Amino acid sequence: MIEVCIPQTIALELSSACHFSCEYCDRVNWQAPQHTRLRAHMDYDLFTRVVDEITSCGHPISLTLNYEGESLLHPRIVDMLEYCRRRNVRPWLSTRLHPASPELMHVILASCDTVAVSLDMAGPDGCAAPNQSGTDRARAQVANLDLMLQRAHAGSARIVVTTVLERGDSVENPKVLAFVEKWLDRVSSIYLYQGVEFGPNSIRYMNDLGISDHLKRRRPCRQPFSYLAIMSDGRMAPCCITSRVCMQETTVEPTLLGALSGSELAAFRARHKTMDLTHTICDDCDMWIESWLGEEDVTLSLPGGRTVRAVNEGGAIRIERPLGVEP
């Protein structure tokens, strides 16, 4: 009998569509050979069935409503958020916050535990964009975030800001520190993520936040055991970085629990336990390192003269809003 390993986090990709084409997201490789994906929205009945299974399985599971696409593009995003609220589930939602109407932002604040708004580092109003249309979207993002912060109240979702360090950036870079200072007192947390470079058969960090000195010996990745993404078409990907490792034969039909106990996922996990990863994208991947790192304190000196404590989590630097500072 195959043992059922329930992931700690399950992500539902409500939509695989997105207005942005960020180099640190593997969506830019979707047209590569053997990796073509369709832009699609998750079926509403599939969504409600999976949420029902998660809430009834008897295991504590964190629900995330995003993967490789922008969830706010789903035509029934409001219905989905309200369904989570009726089921007493408060998910984590990562979003570009564009498009987002005031009515949608109200539902997001009422339904989610955390809203992580992804912004680019530089450019107008703290957002980068390669062209005029991109600049307009970036400014719309910041305007929507400003409005959401104005409407947030006690008991509503935590709002955090995330950004991805560009190639060669470090946390001492002046523009990085300026970004932190811009949002520090307004949001609950700031996450500075390492950029990821997707090669044909590799996944590598663009920068080094000190993690290469921690571990020299390759160890098993914990992602296949702790995380599962259910993609918009019902397939499963046991990796938070890329859908290239999705299961080829197994979907969440007819049940999520049945899929978790399937032989294909069990074989994938077994290969990770034994480090038998030859001829797979996992064989040349840096992401396993983060599972084995402890947290380290970092002190950042901001342009305005104050210092703040940050935590190096390996793949990200996390900065919390200072105690006593109201957003």
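An account of the accompanying structure is given in this report. These figures come from a predicted structure and were not determined experimentally. (Residues numbered from 1 in each chain as written. Predicted model: local features only at pLDDT ≥ 70, side-chain atom pairs only at ≥ 80, totals over all residues. Heavy atoms only, no water.)

1. Section: the overall build of the protein chain
Stage number 1. Across its full length, the protein chain holds eight helices and 13 strands.
Stage number 2. Here the protein chain, with 327 residues, has 51% of them falling under the buried criterion.
Stage number 3. The long-range fraction of contacts in the protein chain, counting pairs at least 24 apart against all pairs at least 6 apart in sequence, stands at 68%.
Stage number 4. When the accessible surface of the protein chain is split by element, carbon and sulfur atoms take 50% of a total near 15100 Å². (Helix = DSSP H or I, 4+ residues; strand = E, 2+ residues; numbered from the N terminus. Buried < 20%, exposed > 50% of the residue type's maximum accessible area, 1.4 Å probe, protein only. Contact = heavy atoms within 4.5 Å. Areas by Shrake-Rupley, 256 points an atom, 1.4 Å probe, with all protein chains shown as cover.)

2. Quick word on the pattern of salt bridges
Stage number 1. Throughout the structure, instances matching the rule amount to 19 salt bridges.
Stage number 2. Note that D185 and R306 form a salt bridge whose closest N and O atoms lie 2.7 Å from each other. Note that D185 is positioned in the loop between helix 5 (174–183) and strand 6 (189–193) and R306 in the loop between strand 11 (296–301) and strand 12 (307–312), a separation of 121 residues in sequence.
Stage number 3. With a relative accessible area of 31%, R306 lands in the partly exposed category.
Stage number 4. By sharing partners, the salt bridges in this structure join E295, E313, R318 and E320 into a single network. (Salt bridge = Lys/Arg side-chain N within 4 Å of Asp/Glu carboxyl O.)

3. Some remarks on the packing of aromatic side chains
Stage number 1. Here the structure, examined in full by the defined rule, presents three aromatic pairs.
Stage number 2. Taking 6.5 Å as the distance between ring centres and 65° as the angle between the ring planes, the aromatic pair formed by F47 and Y83 counts as edge-to-face. Here F47 is found in helix 1 (residues 44–56), whereas its partner Y83 is found in helix 2 (residues 77–86), with 36 residues between them in sequence.
Stage number 3. In this structure, R76 packs its charged tip against the face of Y44, placed 3.7 Å from the ring centre.
Stage number 4. The side chain of R222 reaches across the aromatic face of W292, ending 4.0 Å from its centre. (Phe/Tyr/Trp six-rings, centres within 6.5 Å; stacked < 30°, edge-to-face > 60°. Lys NZ or Arg CZ within 6 Å of the ring centre and 35° of its normal.)

4. Quick look at the environment of P303
Stage number 1. Take P303: it is sitting in the loop between strand 11 and strand 12.
Stage number 2. Considering only alpha carbons, one finds P303 and P174, 129 residues apart in sequence, at a separation of 7.6 Å.
Stage number 3. Apart from the residues within four sequence positions on either side, P303 is in contact with L177, A178 and E181.

5. Quick notes on the packing of helix 2 against helix 3 (residues 102–111)
Stage number 1. Contact geometry for helix 2 and helix 3: axes closest at 9 Å, N-to-C directions at 20°. If you check the angle between helix 2 and helix 3, you find them roughly parallel. In this structure, the crossing between helix 2 and helix 3 has a hand that is left-handed. Listed contacts from helix 3 to I77, V78, L81, E82 and R85 of helix 2 are L104, V107, I108, A110 and S111. (Axes fitted to C-alpha atoms, helices over the stretch in contact; angles between N-to-C directions. Parallel < 35°, antiparallel > 145°, perpendicular 65-115°, else oblique. Left-handed = near helix turned anticlockwise from the far one by under 90°.)

6. What about helix 1?
Stage number 1. Along its 13 residues, helix 1 runs 18 Å from first to last C-alpha, staying within 8% of the 18 Å computed at 1.5 Å per residue.
Stage number 2. Those residues of helix 1 that sit buried are Y44, L46, F47, T48, V50, V51, E53 and I54.
Stage number 3. The secondary structure elements touched by the buried residues of helix 1 are strand 1 (9–12), strand 2 (62–64), helix 2, strand 9 (227–230) and helix 7 (256–260).
Stage number 4. The N-terminus of helix 1 is capped by D43, whose side-chain oxygen sits 3.0 Å from the backbone nitrogen of D45. (Expected span 1.5 Å × (residues − 1). Polar contact = N/O pair within 3.5 Å; in protein donor to acceptor, adjacent residues only side chain to side chain.)

7. Observations regarding the pairing of strand 9
Stage number 1. With burial as the criterion, each face of strand 9 is covered, one bearing Y227 and A229 and the other bearing L228 and I230.
Stage number 2. Pairing of strand 1 with strand 9, which is carried by four bridges, proceeds in the parallel orientation. When the bridges of strand 9 are listed, A11 appears paired with A229.
Stage number 3. Here strand 9 runs beside strand 10 (residues 236–237); their pairing, made up of two bridges, is antiparallel. Along strand 10, the bridge assignment pairs I230 with M236. (Pairing = 2+ DSSP bridges.)

8. Topic: the pairing of strand 8 (residues 202–205)
Stage number 1. With four bridges joining them, strand 7 (residues 196–199) and strand 8 adopt antiparallel strand pairing. Bridging from a neighbouring strand, G199 pairs with S202 of strand 8.

9. Describing the state of the cysteines
Stage number 1. Within the structure shown, the criterion is met by zero disulfides.
Stage number 2. Left without a disulfide partner, C25 is nearest to the cysteine sulfur of C22, which lies 6.8 Å away.
Stage number 3. C282 takes part in no disulfide bond, and the closest cysteine sulfur to it belongs to C285, at a distance of 6.4 Å. (Disulfide = S-S within 2.5 Å.)

No statement about biological role is implied by the geometric values presented.
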